[in-house]
Amino acid sequence: MKVLYCDHCKDISIKSRLETDTCTSCGRAARSVPYSRPWQYFAGSGILLVATAVLILAPIADLLFRLVIFGVALAVALVFSSWSIQEMRSRILRTMQEAQSREALS
Ligand SMILES: [Zn+2]
């Protein structure tokens, strides 16, 4: 995964490493910016891991109950995943704005 910042849209795009460095909104060249994964990302991955471990290790015979556990874990993981992307986006935008206002002052 990589995060690209577009100077034209003042927005970021999140892409996979194999994709080209272009903005998803306007298609112009965007530059990749460093990012760090927020805690929500690890929380989401952790929930999926725990749910998988429970499904493998726990002696639950009821298939429906297993599906419910899996469904709930997946839903919670998705919430954390989109939350982490939002958190990353606002964090990067804040950093870029700060950098730009520093440039404007100097
Ligand atoms: Zn753009």
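All values derive from a computational prediction rather than experimental measurement.

A. The arrangement of the overall build of the protein in detail. In terms of regular secondary structure, the protein is built from two helices and three strands. Listing the helices and strands of the protein from first to last along the sequence gives β-β-β-α-α. Dimensions of the protein, computed from the C-alpha atoms along their principal axes, are close to 65 × 25 × 15 Å. Looking at the protein residue by residue over its 106 residues, the buried ones come to 9%. A fraction of 49% describes how many contacts in the protein between residues 6 or more apart in sequence connect residues 24 or more apart.

B. Seen up close, the packing of helix H1 (residues 39-57) against helix H2 (residues 63-105). Where H1 meets H2, the closest approach of the two axes is 7 Å, and the angle between their N-to-C directions is 170 degrees. Classified by the interaxial angle, the pair formed by H1 and H2 is roughly antiparallel. For H1 against H2, the interelement crossing comes out left-handed. Residues Gln40, Tyr41, Ala43, Gly44, Ile47, Leu48, Ala51, Val54 and Leu55 of H1 form the contact with H2, whose own contacting residues are Arg66, Ile69, Phe70, Ala73, Val76, Ala77, Phe80, Ser81, Trp83, Ser84 and Glu87. Here the residues of the contact of H1 with H2 sort into 14 nonpolar, four polar and two charged.

C. Representation of the environment of Trp39. When you line up the elements, Trp39 lands in helix H1. Sequence-wise, Trp39 and Trp83 are 44 residues apart; in three dimensions their C-alpha atoms are separated by 9.9 Å.

D. Representation of the domain arrangement of the protein in the model. Segmentation of the protein into domains returns domain 1 (1-34) and domain 2 (36-106). Averaged C-alpha coordinates put domain 1 and domain 2 at centres separated by 21 Å. Every contact between the two is made by five residues of domain 1 and, on the other side, six residues of domain 2. The residue inventory of the side of domain 1 that touches domain 2, partitioned by class, reads five nonpolar, no polar and no charged.

E. Quick look at unusual backbone geometry. Even without being a glycine, Lys10 presents a positive backbone phi close to 55 degrees. Here Lys10 shows up in the loop between strand E1 (2-6) and strand E2 (11-15). With 11 C-beta atoms counted inside 10 Å, the residue Lys10 sits in the exposed group.

F. Expanded view of the pairing of E1. Sheet topology places E1 next to E2; five bridges connect them, and they run antiparallel. Its bridge partner being in E2, Tyr5 is matched across the sheet by Ile12. Between E1 and E2, which follow one another and run antiparallel, lie four residues, and Lys10 among them has a positive phi close to 55 degrees.

Rules used in this analysis
Residues numbered from 1 in each chain as written. Predicted model: local features only at pLDDT ≥ 70, side-chain atom pairs only at ≥ 80, totals over all residues. Helix = DSSP H or I, 4+ residues; strand = E, 2+ residues; numbered from the N terminus. Buried ≥ 20, exposed ≤ 12 C-beta atoms within 10 Å, placed from the backbone. Contact = placed C-beta atoms within 7 Å. Axes fitted to C-alpha atoms, helices over the stretch in contact; angles between N-to-C directions. Parallel < 35°, antiparallel > 145°, perpendicular 65-115°, else oblique. Left-handed = near helix turned anticlockwise from the far one by under 90°. Nonpolar A, V, L, I, M, F, W, Y, C, P; charged D, E, K, R; others polar. Domains from an automatic or database assignment. Pairing = 2+ DSSP bridges.

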